[in-house]
Amino acid sequence: MSSGVPVYRQIIDAVLGGIASGTLLPGEQLPTVRQLAVDLSINPNTVVRAYRELEIRGVLSTQQGTGTFITDKKIQPDDAERHRRTAQLVRELLSRAGAEGITIQELLDHFEALKDDQGRV
């Protein structure tokens, strides 16, 4: 997990992405703080921070002695979160494209072609 994005943020994004894609379902139990910290070789406090933020958003529910579970709350990102996620995706796309020798202009041309195709549907 090294992308310039803080690890706790990456955990949050992974959980939210899993929920959005349907790979994490309501009622599903997440790994314990200790287990996830060991699996990712990170400080447990980092996992606690991510889980706590997700609890505040109502995405997770922690039951003492039982574990941490996905709630059935529908995720509606606010504008700031949506902007942050979009910027992150763009940075990742540009980074990967650059590594493949693809220019920004080539990407823009492809986006324009996609936009034109959608207009014809």
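As a reminder, the structure under discussion sits directly above these lines.
Here we summarise the structure given alongside this text. (Residues numbered from 1 in each chain as written. Predicted model: local features only at pLDDT ≥ 70, side-chain atom pairs only at ≥ 80, totals over all residues. Heavy atoms only, no water.)

1. Points about the sheet that holds strand β1 (residues 29-30)
Alright, step 1. Taken together, the 3 strands give an open sheet; going across it, the order is β1-β3-β2, and neighbouring strands pair in antiparallel fashion. Each edge of the open sheet carries a strand with a single partner, namely β1 and β2 (60-63).
Alright, step 2. As defined by bridge partners, β1 adjoins strand β3 (residues 67-70) across 2 bridges and the pair is classed as antiparallel. By the bridge assignment, Leu30 is partnered in β3 with Thr68.
Alright, step 3. On top of the sheet, helix α3 (residues 44-56) reaches β1, β2 and β3; it is set at about 110° to β2, its chief contact. (Pairing = 2+ DSSP bridges. Helix = DSSP H or I, 4+ residues; strand = E, 2+ residues; numbered from the N terminus. Contact = heavy atoms within 4.5 Å. Axes fitted to C-alpha atoms, helices over the stretch in contact; angles between N-to-C directions.)

2. Looking at the environment of Leu54
Alright, step 1. Take Leu54: it is sitting in helix α3.
Alright, step 2. Taking the relative accessible area as the measure of exposure, Leu54 reaches 0% and is therefore buried.
Alright, step 3. Taking the C-alpha atoms as reference points, Leu54 and His83, separated by 29 residues in sequence, lie 18 Å from one another.
Alright, step 4. Once you skip the residues sitting within four places of it in the chain, Leu54 turns out to touch Ile12, Val15, Leu16, Val59 and Leu60. (Buried < 20%, exposed > 50% of the residue type's maximum accessible area, 1.4 Å probe, protein only.)

3. A few points about the pairing of β2
Alright, step 1. With 4 bridges joining them, β2 and β3 adopt antiparallel strand pairing. Looking at β3, one finds that Gln63 is bridged to Gly67.
Alright, step 2. Counting the residues in the hairpin turn of β2 and β3 gives 3 residues, including Gly65, whose phi is positive at 85°.

4. Here we look at helix α1 (residues 7-21)
Alright, step 1. An ideal rise of 1.5 Å per residue puts 21 Å on 15 residues; α1 measures up with 21 Å between its terminal C-alpha atoms.
Alright, step 2. Listed as buried for α1 are Tyr8, Arg9, Gln10, Ile11, Ile12, Asp13, Val15, Leu16, Gly18 and Ile19.
Alright, step 3. Residues of α1 that are buried make contact with β1, α2 (33-40), α3, β2, β3 and α4 (79-99).
Alright, step 4. Gly22 sits one or two residues past α1 and shows a positive phi near 90°. (Expected span 1.5 Å × (residues − 1).)

5. Focus: the packing of α1 against α3
Alright, step 1. Running from N to C, α1 and α3 point in directions that differ by 45°, and their axes come no closer than 8 Å. Classified by the interaxial angle, the pair formed by α1 and α3 is oblique. Of the two possible hands of crossing, α1 and α3 adopt the one that is right-handed. Of the residues in α3, those touching α1 at Val7, Tyr8, Arg9, Ile11, Ile12, Val15 and Leu16 are Thr46, Val47, Arg49, Ala50, Glu53 and Leu54.
Alright, step 2. Residue composition of the contact of α1 with α3, grouped by class: 9 nonpolar, 1 polar and 3 charged. (Parallel < 35°, antiparallel > 145°, perpendicular 65-115°, else oblique. Left-handed = near helix turned anticlockwise from the far one by under 90°. Nonpolar A, V, L, I, M, F, W, Y, C, P; charged D, E, K, R; others polar.)

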